[in-house]
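Observations on the model geometry
Read off the chains here:
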There are 2 protein chains.
Amino acid sequence: MTSSVESLIDKHREVLDRALTAIGTREYWSRYPESPSPRVYGQEAGPAGERAYRAHLGQRFAALADQPLLDGRDDAWAGYEVSPYGPELGITYPHYGEAQLDELLAAASAGIPAWRDAGPLARAAVCVEILDRINARSFEMAHAVMHTSGQPFVMAFQAAGPHAQDRALEAVAYALFEQRRVPEEVVWEKPGKDQPLRMLKRFHVVPRGVGLVIGCNTFPTWNSYPGLFASLATGNAVVVKPHPRAVLPLAISVAVAREVLAEAGFDPNLVVLAAETDGEGLAKPLALHPSVRVVDYTGGPRFGAWLEENARQAVVYTEKAGLNTVVVDSTDDLAGMTANLAFSFTLYSGQMCTAPQNVYVPRDGIDTDTGHRSFDEVAEAIADAVRRLTGDDARAVQLLGAAANRDVVARADGAGSLGRAVLESRAVTHPDFPEATVRTPALVAVDASDEAYLSECFGPVAFLIATDSTQESLKRFVETAREHGAMTASVYSTQESVLQAAEQAALDAGASLSMNLTGAVYVNQSAAFSDFHGTGANPAANATLTDGHYVSGRFRVVQSRRHI
Amino acid sequence: MTSSVESLIDKHREVLDRALTAIGTREYWSRYPESPSPRVYGQEAGPAGERAYRAHLGQRFAALADQPLLDGRDDAWAGYEVSPYGPELGITYPHYGEAQLDELLAAASAGIPAWRDAGPLARAAVCVEILDRINARSFEMAHAVMHTSGQPFVMAFQAAGPHAQDRALEAVAYALFEQRRVPEEVVWEKPGKDQPLRMLKRFHVVPRGVGLVIGCNTFPTWNSYPGLFASLATGNAVVVKPHPRAVLPLAISVAVAREVLAEAGFDPNLVVLAAETDGEGLAKPLALHPSVRVVDYTGGPRFGAWLEENARQAVVYTEKAGLNTVVVDSTDDLAGMTANLAFSFTLYSGQMCTAPQNVYVPRDGIDTDTGHRSFDEVAEAIADAVRRLTGDDARAVQLLGAAANRDVVARADGAGSLGRAVLESRAVTHPDFPEATVRTPALVAVDASDEAYLSECFGPVAFLIATDSTQESLKRFVETAREHGAMTASVYSTQESVLQAAEQAALDAGASLSMNLTGAVYVNQSAAFSDFHGTGANPAANATLTDGHYVSGRFRVVQSRRHI
């Protein structure tokens, strides 16, 4: 082991111990401060981050120029990013066609034996160093994510920066724990008639091979880091295939990883970026390549299902989509409930896999702290809350961000055709980016017997669904989650018996449940080290962020034994 | 929780703690004594077990008459077992056709909510009670396994009794550990500007649904128990589909499980037996049924691959087959090496998934404690050792057992056509069972360039493969294991550098390695709580017995959270 690896282990031992404690208790803990305040990251961090972001624009992403196979190919660099806020980024990144994949994967694999033999603790320490350096670039990352995903700036800072870094560290901690469950060696001594049988047994952690991380447009870091770091920390090499419209955040991340790996004496090609042109479909041949033994994917259900069906040589982790559900039974804080729901619909224009879509309300209305309210009154109260939150354009864009693509806009604009429009989506003009396409949430009232709400409507559209009773609401929640999946669920009730019934329904639905959120916690949010993101228990995802199962399939243990 | 469950928890808390320690250290530990000596199990245990076995013969297996859906069907009971030692067993068992599967699985599922809500510790205690009662029937089980698998009696006692019970307990311990990694609840308190955000979070272990266990002919209990108990201990119901020629051992096991479940206040239908007629192929519709969410399979690679391809609604654990390899480089104990190898070839006529098949020897011979020995001299020394071990029929059958089926006999008798016969298989007459078909191992010499040894030859056939060097031997070991799988590997060398190279090769092959076995430990054997059986790192198996990954896919965690 090199001295630089040893010093990384010394440097990060304490944080790893702390993270291991956190995943055991799942109490609150965070390593990376979520506040973009100058008091936390320093006065210069904000401006410097913005300058660093601007320096990338219109350039070849030179920090990755040392990636393999970039010489002598006309198509070695590619990039087509256009900010959802308007401007073209004009950055190009290392690009590989199908003809290069064998060589690319061989290059990525070359460093695996040394990385494998370094052991779990060394790998974990290298991963923490990567994350710490990524954290130091959180403002640069915030701009990069804002201008690829369309997230509003503060959200981009938090979700793509510290929150993503914390979730990555969580994955590193799980990987470390999981690999160290098996001792490195043990003396096995079985009592015998005359003398005991004694054997020395050694247990080796062996990675699967190359992990492929397929990034998504909306959360390029938050949804990619857990797989990336879980695979890397368990000894695999990683090929990162970003979404063609959200490359920069992952290019920065890969560059940092390569820099740290090289400094620690490992092959930087253990982590490579493989950008693609829009519509090229490079993920398919990559995912089917025999060297790719782990696949992590976040995105649409169709390609997720294709990966699960076809990438049979690999362990496949998918997060797809679902029908996120709210069951409204009653509330002692109508204002808090509607404000909380309005925020969840509005944040990033509903472009979160955790954003609620289907809100079940009894058609006879609900009891509230302001008396019994009819279905229409509840619907109007939610609409009012959305209007209040989004009425001022300059403030609204700071929550809404921009639409990541045209489909999102089309869904917002066409929502009225799906049912009775309670609130139409409104086009908002961004004061700083007039070219940005921004839409407020649409609210659509339907009957439980309708079908419009039975498919995911990704973007700022929520259905208010009239049911006969809360019992029917819970039944439909379970049925739709089991069939179509659900990443999140929440319930509002003043009755403990209803909350208990909702909790039982959540077990049947395989969906995690938030109860009576009326304050500053939103159903869309999951906290690293404490909340599980997805369950793997319904079709929305086949794994969770993060548990032992999420990392244990990424490596195997190979044993030796001899008499001593 | 009922008082009987509480008393089971009290009764078995200590053994569960001990088992949890064992899986952490992987030092020697065993709960169930492997010796069939009257000093261990009592003078009466042997005769009583034989009587209990005989009482089953020619009868309906009445202990399962309380299984669902047995009334009013002509085909409700079926059984076709014929002992490899000759006699027909004439026992019939609960049988379900495709038309009954919906109802059967509904009946099995009915008890899941109460079983789920009982929690991990209660389930583990119930599982230990089941195992203790199965242990008390180890002699009955030995006869049952002997007369279904063809195993010799003492091996049947050990492998199908205490060893299988220990491996089951190992799975129960892993399941308990894995489920308890997540706390039942935690208060999450995030510091805030004014006051902290406080939430109560609860974490629920939720089983997948119904686990299907597909038994094999040769190791009906040893290979079925880990999946059965891992699924049951994690809250699932289990349908056990035995091999049509090896039903009785699993019928006894299921009957005990149902008895204990009912006594503890749970639905006995959480574990049901689904026997089939020979050639019926009931495993396919069962494995594809939407209620079946976990599949455990041991058997031929073709059906194993079919399950992996097709049972997409389930988590599938398979143990198939491979090319178990011995690399002979040199030895300081030629007699010990050849005796050890001869035993491994002979035990149960090579009908173990762990039995060595491919023995690589340099064509120029090897250095030994009796001087340099040519390839032919090494081959002859191994042949001599087999002859010594199997020369006396009465003693030989106590190791060889009987051929489980005609294919095994055909392979033994036809081995000579696969290369140069070093030792032909010999028909042995069993002194007690003249109808038994018993064959000694055949040894076939081939060149590394031949292809005969590149497919599994299940039964008493071993290839002695001439290579240019140990380096080539290791290379072929890696190549064949990666392509065809390997459950076991071993190496003989006096050179530490060769042992190290072999250990590195084993990592590449994904196969566990035994070094210089010359005494009373055989490569075929894996000890519960210490040795991993299979690795999941090559095509022979997609999982290992037992690690965290083997159990963590059988359940999911569903969370709730609320402000407090």
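In this report, the structure presented in the accompanying data block is examined.

Parameters at a glance
Residues numbered from 1 in each chain as written. Chains lettered and ligands numbered in written order. Predicted model: local features only at pLDDT ≥ 70, side-chain atom pairs only at ≥ 80, totals over all residues. Heavy atoms only, no water. Contact = heavy atoms within 4.5 Å. Buried area = accessible area lost by both parts, 1.4 Å probe. Salt bridge = Lys/Arg side-chain N within 4 Å of Asp/Glu carboxyl O. Pairing = 2+ DSSP bridges. Helix = DSSP H or I, 4+ residues; strand = E, 2+ residues; numbered from the N terminus. Axes fitted to C-alpha atoms, helices over the stretch in contact; angles between N-to-C directions. Core = buried A, V, L, I, M, F, W, Y, C linked by side-chain atoms within 4.5 Å. Buried < 20%, exposed > 50% of the residue type's maximum accessible area, 1.4 Å probe, protein only. Right-handed = clockwise from strand over helix to strand, strands pointing away. Disulfide = S-S within 2.5 Å. Least-squares fit on C-alpha atoms with pLDDT ≥ 70 in both. Polar contact = N/O pair within 3.5 Å; in protein donor to acceptor, adjacent residues only side chain to side chain. Expected span 1.5 Å × (residues − 1). Nonpolar A, V, L, I, M, F, W, Y, C, P; charged D, E, K, R; others polar. Phe/Tyr/Trp six-rings, centres within 6.5 Å; stacked < 30°, edge-to-face > 60°. Lys NZ or Arg CZ within 6 Å of the ring centre and 35° of its normal. Parallel < 35°, antiparallel > 145°, perpendicular 65-115°, else oblique. Left-handed = near helix turned anticlockwise from the far one by under 90°.

With 77 residues of chain A in contact, the opposing surface of chain B contributes 77 residues. Here chain A packs against chain B, burying approximately 6,100 Å² in sum over the two surfaces, 47% of which is carbon and sulfur. Seen at the junction of chain A and chain B, the total is 18 salt bridges. Two residues, K201(B) and D531(A), come together in a salt bridge whose shortest N-O distance is 2.8 Å.

What follows deals with the sheet that holds strand β7 (residues 271-273) of chain A. Residue and element names in this part refer to chain A. If you trace the 5 strands from one edge of the open sheet to the other, you get β7-β6-β5-β8-β9, paired in parallel fashion. Of all strands in the sheet, those bounded by a partner on one side alone are β7 and β9 (315-319). Within the sheet, the average angular offset between the axes of one strand and its neighbour, ignoring direction, is 15°. One ladder, built from 5 bridges, connects strand β5 (residues 210-214) with strand β6 (residues 237-241); its direction is parallel. Looking across to β6, one finds that V210 is bridged to A237. Along the sheet face, helix α11 (residues 248-263) touches β6 and β7 and points at about 150° away from the line of β7.

One finds L169(B), F229(B), V295(B) and L443(B) to be the most contacted residues of the largest nonpolar core, which totals 164 residues. Among the elements that make up this core, the one with the highest residue count is helix α11 (residues 248-263) of chain B (10 residues). Once residues within four sequence positions are removed from consideration, F229(B) is found in contact with C127(B), I130(B), L131(B), I134(B), A168(B) and V172(B). L20(A), I134(A), A230(A) and V397(A) belong to the second-largest nonpolar core, a separate cluster that totals 133 residues.

Attention shifts here to the pairing of β9(A). Residue and element names in this part refer to chain A. With respect to burial, β9 is a largely interior element, 4 of its 5 residues being buried. Both strand β8 (residues 292-298) and β9 contribute to a ladder of 5 bridges, which runs parallel. When the sheet's bridge partners are listed, D296 is paired in β9 with Y317. Of the crossover connections in this fold, the one passing from β8 over helix α13 (residues 301-310) to the parallel β9 is right-handed.

Time to look at the state of the cysteines. Residues and elements named next belong to chain B. Counting across every chain of the model gives 0 disulfides over all chains. No disulfide involves C216; its sulfur sits 7.7 Å from that of C353, the nearest cysteine. Under the relative-accessibility criterion, C216 is labelled buried at 8%.

Before going further, it helps to examine the environment of N516(A). Summarising the element assignment, N516(A) is placed in the loop between β20 (513-515) and α20 (548-552). For the pair formed by N516(A) and R395(A), sequence separation is 121 residues and the distance between their alpha carbons is 26 Å. Dropping the residues within four chain positions of it, N516(A) is found in contact with V491(A), Y492(A), S493(A), L499(A) and H563(B).

This paragraph deals with the pattern of salt bridges. Scanning the entire structure with this criterion turns up 76 salt bridges over all chains. A salt bridge links D468(B) to R363(B); the nearest nitrogen and oxygen atoms lie 3.0 Å apart. A residue pair is termed long-range when its members are at least 10 positions apart, and D468(B) in the loop between β18 (461-467) and α18 (470-484) and R363(B) in the loop between β11 (358-362) and β12 (366-368) qualify at 105 residues. R363(B) gets classed as partly exposed once you look at its relative accessible area, which sits at 34%. Residues joined by salt bridges that share partners form a network here, namely K11(A), E129(A), R133(A), E259(A) and E263(A).

So, about the side chain of T467(B). Mapped onto the elements, T467(B) comes out in strand β18. Ignoring any residue separated from it by four or fewer positions in sequence, one finds T467(B) in contact with Y360(B), V361(B), P362(B), R363(B), A448(B), E472(B) and S473(B).

This part is about the relation of the copies chain A and chain B. When chain A is fitted to chain B, the best match, at an RMSD of 0.0 Å, comes from turning it 180° and sliding it 0.0 Å along the axis. Between the two chains, the operation in question is that of a two-fold axis. When C-alpha distances to the rotation axis are compared across chain A, the minimum falls at H549(A), with a value of 3.0 Å. Mapped onto chain B, 100% of the interface residues of chain A are again interface residues, and the two copies thus contact each other with one and the same surface.

Summarising the element assignment, Q357(A) is placed in the loop between α14 (334-346) and β11 (358-362). One polar contact links the side chain of Q357(A) to the main-chain carbonyl oxygen of S455(A), over a distance of 3.1 Å.

Before going further, it helps to spend a moment on the sheet that holds strand β20 (residues 513-515) of chain B. Taken in spatial order, the 10 strands make up an open sheet running β3(A)-β4(A)-β21(A)-β20(B)-β19(B)-β10(B)-β11(B)-β18(B)-β17(B)-β14(B), and their pairing is mixed. In this open sheet, the two strands that pair with only one neighbour each are β3 (185-190) of chain A together with β14 (420-423) of chain B. Taking each pair of neighbouring strands and ignoring which way they run, the sheet shows an average axis angle of 25°. Judged from the 3 bridges that link them, strand β19 (residues 489-492) of chain B and β20(B) form a sheet pairing that is parallel. Pairing of A489(B) across the sheet is with L513(B), part of β20(B).

Residue and element names in this part refer to chain B. With 16 residues, α11 ought to run about 22 Å at 1.5 Å a step, and its terminal C-alpha atoms sit 23 Å apart, in line with that. For α11, the tally of buried residues reaches 13 of 16 residues, placing the bulk of the element in the interior. One or two residues past the end of α11 sits G265, with phi positive at roughly 90°.

Residue and element names in this part refer to chain A. It is at 9 Å that the axes of helix α6 (residues 120-136) and helix α10 (residues 225-233) come closest, and there the two elements cross at 150°. Counting all contacts with α6, which are made through R123, C127, I130, L131 and I134, the residues of α10 involved are Y225, F229, L232 and A233. When the residues that make up the contact of α6 with α10 are grouped by side-chain class, the tally is 8 nonpolar, no polar and 1 charged.

All names here are of chain A. Cis rather than trans, the peptide bond between L545 and T546 has omega equal to -10°. At Y348, a position not held by glycine, the phi torsion is positive, near 50°. Its location among the elements puts Y348 in the loop between α14 and β11. Of the residues examined, Y348 reaches a relative accessible area of 0% and is grouped as buried.

As a further point, take the environment of S469(A). Residue and element names in this part refer to chain A. With respect to the helices and strands, S469 occurs in the loop between β18 (461-467) and α18 (470-484). Residue class for S469 comes out partly exposed when judged on its relative accessible area of 25%. A C-alpha to C-alpha distance of 57 Å links S469 and F61, two positions 408 residues apart in sequence.

Counted under the stated rule, the structure contains 33 aromatic pairs over all chains. Plain terms: the ring middles of Y28(A) and W188(B) are 5.8 Å apart, the flat faces sit at 70° to each other, and that makes the pair edge-to-face. Within this pair, whereas Y28(A) is found in the loop between α1 (3-25) and α2 (38-41), its partner W188(B) is found in strand β3 (residues 185-190), the two belonging to separate chains. Its relative accessible area of 27% is what places Y28(A) among the partly exposed residues. Linked through ring pairs, Y41(A), F139(A) and F157(A) together constitute an aromatic cluster. The lysine or arginine in question, K201(A), covers the ring of W188(A), its NZ or CZ lying 4.1 Å from the ring centre. It is R554(A) that lies over the ring of Y550(A); its NZ or CZ is 4.5 Å from the centre.

Another point: the packing of helix α9 (residues 162-179) of chain B against helix α10 (residues 225-233) of chain B. Residue and element names in this part refer to chain B. One can describe the packing of α9 onto α10 by two numbers: an axis separation of 8 Å at closest approach and a directional angle of 30°. It follows from the interaxial angle that α9 and α10 lie roughly parallel. As for how α9 packs across α10, the hand of that crossing is right-handed. Taken together, the residues of α10 that come into contact with α9 (itself represented by A164, Q165, R167, A168, A171, V172, A175 and Q179) are Y225, P226, F229, A230 and A233. Its residues placed into classes, the contact of α9 with α10 shows 10 nonpolar, 2 polar and 1 charged.

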